[in-house]
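Report on the structure
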Amino acid sequence: QVQLVESGGGLVQPGGSLRLSCAASGSISNLPTVGWYRQAPGKQRDLVAEITSVGNINYVDSVKGRFTITRGNAKNTVYLQMNSLKPEDTAVYYCNFRRNWPLKYDYWGQGTQVTVSS
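Worth saying up front: this structure is predicted, and the values here are computed from it rather than measured. (Residues numbered from 1 in each chain as written. Predicted model: local features only at pLDDT ≥ 70, side-chain atom pairs only at ≥ 80, totals over all residues. Heavy atoms only, no water.)

1. Regarding the nonpolar core
Heads up, the rule is: Side-chain atoms within 4.5 Å link the members of a nonpolar core, which is a set of buried Ala, Val, Leu, Ile, Met, Phe, Trp, Tyr and Cys residues. Accessibility here uses a 1.4 Å probe with only protein chains present; expressed as a share of the type maximum, an area under 20% marks a residue as buried, one over 50% as exposed, and anything in between as partly exposed. Counting from the N terminus, the helices are the DSSP runs of H or I reaching at least four residues and the strands are the DSSP runs of E reaching at least two.
Judged by nonpolar contacts, the single largest core of 27 residues is most densely connected at W36, F67, V78, L80, M82, Y93 and F97. Where this core is concerned, the elements lending two or more residues are β3 (18–25), β4 (33–39), β5 (46–51), β7 (67–71), β8 (77–82), β9 (91–99) and β11 (112–116).

2. Regarding the packing of aromatic side chains
Cut-off, in case you're wondering: Only Phe, Tyr and Trp rings take part, Trp by its six-membered ring, and two of them pair if their centres are within 6.5 Å. Stacked means planes under 30 degrees apart, edge-to-face means over 60, and tilted covers everything else. Geometrically, a charge over a ring is one whose NZ (Lys) or CZ (Arg) sits within 6 Å of the ring centre while staying within 35 degrees of the ring normal.
This structure, assessed with the given rule, holds 2 aromatic pairs. Measuring from ring centre to ring centre gives 5.1 Å for Y105 and Y107, while their planes differ by 20°; the resulting arrangement is stacked. Overall, the relative accessible area of 7% leaves Y105 in the buried class. Above the plane of the ring of Y79 lies R19, whose end atom (NZ or CZ) is 4.1 Å from the centre. The positively charged end of R45 is found above the aromatic ring belonging to Y94, 3.6 Å away from the centroid.

3. Some words on the pairing of β7
Here is the rule we go by: When DSSP locates at least two bridges between a pair of strands, those strands are taken to pair.
Pairing between β7 and β8: 5 bridges, direction antiparallel. Looking at the pairing, F67 lines up with M82 of β8. Turn length for the β7-β8 hairpin, with the two strands adjacent in sequence and antiparallel, is 5 residues.

4. Some details on the pattern of salt bridges
Convention followed: Throughout this description, the term salt bridge denotes a Lys or Arg side-chain nitrogen within 4 Å of a carboxyl oxygen of Asp or Glu.
A complete count under the given rule lists 4 salt bridges for this structure. With its nearest N and O atoms 3.0 Å apart, the salt bridge here joins R38 to D89. You can see R38 sitting in strand β4 and its partner D89 sitting in the loop between β8 and β9, a full 51 residues away along the chain. The pair R38 / D89 is uniform in exposure class, with both members buried. A salt bridge links R98 to E50; the shortest N-O distance between them is 2.8 Å. With a gap of 48 residues between them, R98 in strand β9 and E50 in strand β5 connect regions that are remote in the sequence. Classification of R98 as partly exposed rests on a relative accessible area of 26%. We classify E50 as buried; its relative accessible area is 10%. If you follow the salt bridges from partner to partner, you end up with R38, R66 and D89 in one network.

5. Concerning unusual backbone geometry
Omega for the peptide link from W101 to P102 comes to 0°, which places this bond in the cis form. Note that P102 resides in the loop between β9 and β10 (105–108). With phi around 50°, S84 is a residue other than glycine that occupies positive phi space. Turning to its location among the elements, S84 is positioned in the loop between β8 and β9.

Encoded structure:
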C-alpha cells in the first residue's frame, strides 16, 4: 500500500516562504499526476497546483507567480515552494498522486498545516 507523507508546514509571517515536501512510500506505477490541494476551515478542498503525467503544470490563479510545484528526481516526490505568503494561504495542504491508466490509483497524504499570521 502506498502512503504519502507531507512535511514542511508551519507558522510564517506574511511575506514569508515555506517549502512543502511530499514523499510516497511503496511502489508507484507509471508517472502520476501529482498535485497539492488545500482546505481552509469551513471550506472545500481545492487544487493549488499540479504537474500532469505528461508534464503540464497548472496553478490556481491566486498563487500564480508566488508558488512553484516541482517533482523530485525520483517519481515518488513532489515539492511546493511557497513565496510571498498571505494570510489567505492559511490552510491544511494535502499532496495527491493519481493516475487513471493503465492502472488507476488515487493517493492522498495526511495533510500539513500552513498558517500565515503576524
